[in-house]
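Structural overview for review
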2 protein chains.
Amino acid sequence: MGRLTGGDPSLLRRINSAVVLHALRATDCATLTEVTRVTGLSRPTVEGVVEGLIEAGLVVEKAAEEGAARRQGRPARRFRFRAEAGHLLGLEIGPHRVAALLADLDGRVIGAQAQDVGETAGADERLGALHAAVAELLRRAGVPRDSLRAVGVGTPGIVEAGGTVRLGTALPGWTGLGLGERLSRSFTCPVLVENDANAAVVAEHWKGVATGTDDVVFVLAGLSPGAGSLIGGRLHRGYGGAAGEIGALHLLGREATPERLLSTTDEPLHPLDEQAVAEVFARARGGDPRALAAVDRFIRRLVHDVAALVLALDPELVVIGGWAAGLDGVLEPLRRELARYCLRPPEVALSLLGEAAVATGAVRLALDHVEEQLFAVEGAVTARR
Amino acid sequence: MGRLTGGDPSLLRRINSAVVLHALRATDCATLTEVTRVTGLSRPTVEGVVEGLIEAGLVVEKAAEEGAARRQGRPARRFRFRAEAGHLLGLEIGPHRVAALLADLDGRVIGAQAQDVGETAGADERLGALHAAVAELLRRAGVPRDSLRAVGVGTPGIVEAGGTVRLGTALPGWTGLGLGERLSRSFTCPVLVENDANAAVVAEHWKGVATGTDDVVFVLAGLSPGAGSLIGGRLHRGYGGAAGEIGALHLLGREATPERLLSTTDEPLHPLDEQAVAEVFARARGGDPRALAAVDRFIRRLVHDVAALVLALDPELVVIGGWAAGLDGVLEPLRRELARYCLRPPEVALSLLGEAAVATGAVRLALDHVEEQLFAVEGAVTARR
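Read on for an overview of the structure. (Residues numbered from 1 in each chain as written. Chains lettered and ligands numbered in written order. Predicted model: local features only at pLDDT ≥ 70, side-chain atom pairs only at ≥ 80, totals over all residues. Heavy atoms only, no water.)

At the interface, 42 residues of chain B touch 42 residues of chain A. Here chain B packs against chain A, burying approximately 3800 Å² in sum over the two surfaces, 66% of which is carbon and sulfur. Our count for the contact surface shared by chain B and chain A stands at zero salt bridges. Across the contact surface, chain B and chain A share 18 residue pairs in polar contact (both at pLDDT 80 or more). (Contact = heavy atoms within 4.5 Å. Buried area = accessible area lost by both parts, 1.4 Å probe. Salt bridge = Lys/Arg side-chain N within 4 Å of Asp/Glu carboxyl O. Polar contact = N/O pair within 3.5 Å; in protein donor to acceptor, adjacent residues only side chain to side chain.)

The following block contains the structure:
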């Protein structure tokens, strides 16, 4: 590290700037004396850095904002991080709807917008609905598009590092779609595309039911469950971005297809959509024996898939989210069966964020990106992982 | 880091010592000038550190060893790391045998010893056989017991951080056994206990078929398969040490037990041991249709368990080892089925280390421990993960 002090002065300025910004962001507001104490930097250095941050729009003097309400004598000047200096978007693309969250640079959500989309809508129609939702959200919040610093996106499918959907059978026209590239045309800031279950596990860890644990599997329970995992607090994407795609296990073909699983007749359920499944569940609640048997098969399948994940990964906590999480009687059988068959059963909890999980995770991914940019130099110094 | 130069001089000495040792260990031997260049330390510092390392027995002057074969003039003194300054043991405890490998501080194996144990042997008898094998190995190699710096152990079962077997159904009397504590009575150095599949994946990554990849699942394929995983080059133990215990998946009970799976009659196969299974496989090779069907069921079960691991983790490479790896016709069905059903099929390879995988991994774990001790300070400075 000694090289830095005698070396590149602009690098040193960037480090000091990141350190001061970090200190200010961690508090509501602070005096120069406080920043000097926390950072270990000299007073002239802190003064210079804060001036630069004010010019960049990232810091503001608090007294200057609040006008002339001063006490006797000259009070110490106080400064704060301007979380409103930029904005983030968290987008969710799903089979039935698209949704967008708008947040400030502290990750505080300041607006939301969703729009229904038909299950059969193609990629153009689906992305069109997303663009409309984003435009409406920005308009209502009065946030100009160029204030956006990063956009996170959660989507079904296996997502490659460049934001292309390698495989996405849940949405028409999705496999092979250059989603990151398509969305980047509408934004001047970076667009980060992530698998929806991966975004959801990040969200539950950030502000959901998993804030206290770093080893979490989030099961996006639908007709074909997918999962996102944190291992030691970090997203486990897998070597090819396909980790957690446990729904494919039934494709092994020696077990019934979901269409047969949920059928109450001798014929496969067709079309297999959420409405048809909801009807089966409603009939089961009404006591129909064939519907009860179908629901039992469905839950057993889900338990099996979740057990496979748990045995492979051994998480501390399994969070059940997505459409099937709302069904009666999913959680208890899961807990009971995992306790019976897993060598060390994890805790099982329902998603706290529910429908907002994917978009909230997308906000967090955008925030991670911005924080990396703002604090990258400091990150390198403290070897933050 | 600036604090160090003005701060604790003994810490600084330890850092410098670790840096010099690391540099010497990376080469066959080196002159003080070379060490000075590589480490960036001053010549007097290097001289002082090397003297200290010679006193500690970790470094030796090469000319001093080789006698008076000197050229005209005074040649530069050359120094080397003394890999023989201490030794490591890698132990394997299995259902049929115990095995021990002896290695030097470079991890080079210099001796091996194995001993058969009956499947029904209790913990005392099994550990007795292990102690006898270790004693014989040390005696033959002429290595005194107090030269051991660390002992690694690979065992079936879920191993807690303290070396206690939390659950180990594969060996009689194993669940609840304080294995680390029991073995520690025989050694003055640290004893590190690890699940056998975890040890095996470390071994294949170190000197086996997985040297080129950091995302590996090793399947210890037996009657009930277990797995060890590296994620980003690091062992993934799971929150409670139970990651990869995929064999329990069949316990979900809605599939046949292994006894029924491998039966060629209407009755469960009893006792279900490797000899009985080998007979079924032999009859299958002879064309017996019921044996062929049983083998087919067995391989399908293995494929299913491996598929569950692959879908959960998405590794780059799956290594098949253990007893069932030697069976005809295991690898091709695995490759074919994974390619059909996994969204991004991994490579599949047979273990290169075979029967030696677990003990070799145990050596590596012992070596990791010693390296951490020798280079811990340097590790902290460079923030090695």
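Moving on: the nonpolar core. Among the nonpolar cores identified, the biggest contains 81 residues, and A:Ile320 and B:Ile320 are the most heavily contacted of them. Apart from residues lying up to four places away in sequence, B:Ile320 is in contact with B:Val219, B:Ala221, B:Ala325, B:Leu331, B:Leu334, B:Val348, B:Ala349, B:Leu350 and B:Ser351. (Core = buried A, V, L, I, M, F, W, Y, C linked by side-chain atoms within 4.5 Å. Buried < 20%, exposed > 50% of the residue type's maximum accessible area, 1.4 Å probe, protein only.)

Turning our eyes to something else, we now look at helix α10 (residues 274-285) of chain A. In an α-helix, one turn spans 3.6 residues, which is why side chains three or four residues apart end up on the same side. All names here are of chain A. In this model, α10 (twelve residues) spans 16 Å end to end at C-alpha, consistent with the 16 Å of a helix rising 1.5 Å per residue. Among all positions of α10, only Ala276, Val277, Val280, Phe281 and Ala284 are buried. End-on view of α10: buried residues confined to an arc of 140°, all on one side of the axis. Residues of α10 that are exposed and point over 90 degrees away from its buried face: Gln275 and Arg285. Of the surrounding elements, those touching the buried residues of α10 are α11 (289-313). Of the residues one or two after α10, Gly287 is the one with positive phi, at around 100°. (Helix = DSSP H or I, 4+ residues; strand = E, 2+ residues; numbered from the N terminus. Expected span 1.5 Å × (residues − 1). Arc of directions from axis to C-beta.)

Of the transformation placing chain B onto chain A, the axial shift is 0.1 Å and the rotation is 180°, giving an RMSD of 0.1 Å. Between the two chains, the operation in question is that of a two-fold axis. By residue overlap, the copies meet face to face through one surface: 100% of the interface positions of chain B are interface positions in chain A. (Least-squares fit on C-alpha atoms with pLDDT ≥ 70 in both.)

Glancing now at helix α8 (residues 196-207) of chain B. All names here are of chain B. Helix length check: α8, at twelve residues, gives a terminal C-alpha distance of 16 Å against a target of 16 Å (1.5 Å per residue), a fit within 8%. Here α8 lies mainly inside the structure; nine of its twelve residues are buried. Looking at α8, one finds that the buried residues are Asp196, Ala197, Asn198, Ala199, Ala200, Val201, Val202, Ala203 and Glu204. Sitting at the head of α8, Asn195 places a side-chain oxygen 3.0 Å from the backbone nitrogen of Ala197.

Turning next to the sheet that holds strand β3 (residues 78-81) of chain B. All names here are of chain B. With respect to topology, three strands assemble into an open sheet ordered β1-β3-β2, the strand pairing being antiparallel. The sheet terminates laterally at β1 (30-31) and β2 (59-61), the two strands that pair on one side only. Inspection of the sheet shows β2 paired to β3 by three bridges, in the antiparallel sense. Looking at β3, one finds that Val59 is bridged to Phe81. (Pairing = 2+ DSSP bridges.)

This part takes up the pattern of salt bridges. Two side chains bearing opposite charge may form a pair once their charged atoms approach each other closely. Tallied over the entire structure, the rule returns 46 salt bridges over all chains. The salt bridge involving B:Glu34 is made with B:Arg78; its shortest N-O contact spans 3.7 Å. Of this pair, B:Glu34 sits in helix α3 (residues 32-39) while B:Arg78 sits in strand β3; the two residues are 44 residues apart in sequence, bridging distant segments of the chain. Its relative accessible area of 27% is what places B:Glu34 among the partly exposed residues. Among the ionic pairs, B:Arg335 bridges to B:Glu332, the shortest N-O distance being 3.0 Å. With a gap of three residues between them, B:Arg335 and B:Glu332 both fall in helix α12 (residues 331-341), about one helical turn apart. According to the relative accessible area criterion, B:Arg335 is partly exposed, its value standing at 34%. If you follow the salt bridges from partner to partner, you end up with A:Arg25, A:Asp106, A:Arg364, A:Asp368 and A:Glu371 in one network.

Glancing now at the environment of A:Arg43. Residues and elements named next belong to chain A. Examined against the element boundaries, Arg43 turns out to sit in helix α4 (residues 43-55). Between the alpha carbons of Arg43 and Thr33 there is a distance of 7.3 Å; along the sequence they are ten residues apart. Sequence-distant contacts of Arg43, defined by excluding residues within four places in its chain, comprise Leu32, Thr33 and Thr36.

Residue and element names in this part refer to chain B. Summed over all chains, the structure comprises six cavities of 30 Å³ or more. There is about 70 Å³ of room inside the largest cavity. Around the largest cavity, the lining is made up of eleven residues, and of these Leu223, Pro225, Leu261, Phe298 and Arg301 lie nearest the centre. Secondary-structure elements contributing two or more residues to the lining of the largest cavity are α9 (258-261) and α11 (289-313). At four residues, the largest contribution of residues to the lining of the largest cavity is made by α11. Looking at the lining of the largest cavity, its residues break down into seven nonpolar, two polar and two charged. (1 Å grid on protein atoms, 1.4 Å probe; cavity = no way out; pocket = protein on both sides within 12 Å on 5 of 7 lines; lining within 4 Å. Points joined across faces, edges and corners; volume = space filled by probe spheres on them. Nonpolar A, V, L, I, M, F, W, Y, C, P; charged D, E, K, R; others polar.)

A few words on the side chain of B:Ser351. All names here are of chain B. Mapped onto the elements, Ser351 comes out in the loop between β15 (347-350) and α13 (357-382). By relative accessible area, which is 16% here, Ser351 ends up buried. A polar contact of 2.5 Å, which involves the side chain of Ser351, links it to the side chain of Glu204. Only 2.8 Å separates the side chain of Ser351 from the backbone nitrogen of Gly354, close enough to count as a polar contact. Those residues within four positions of Ser351 in sequence are excluded, and the remaining contacts are Glu204, Phe218, Val319, Ile320, Gly321 and Ala357.

All names here are of chain B. Across the interface, α3 lies against helix α4 (residues 43-55) with an axial gap of 9 Å and an inter-helix angle of 115°. As judged from the angle between their axes, α3 and α4 are roughly perpendicular. Two packed elements cross with a definite hand, and for α3 against α4 that hand is right-handed. In this structure, α3 contributes Leu32, Thr33, Val35, Thr36 and Thr39 to the contact, and α4 contributes Arg43, Val46, Glu47 and Val50. In terms of residue class, the contact of α3 with α4 is built from four nonpolar, three polar and two charged. (Axes fitted to C-alpha atoms, helices over the stretch in contact; angles between N-to-C directions. Parallel < 35°, antiparallel > 145°, perpendicular 65-115°, else oblique. Left-handed = near helix turned anticlockwise from the far one by under 90°.)

We now examine the side chain of A:Asn16. All names here are of chain A. Among the structural elements, Asn16 can be located in helix α2 (residues 9-25). Taking relative accessible area as the criterion, Asn16 reaches 12% and is therefore assigned buried. Apart from the residues lying within four places of it in its own chain, the contact partners of Asn16 are Leu41, Thr45 and Val49.

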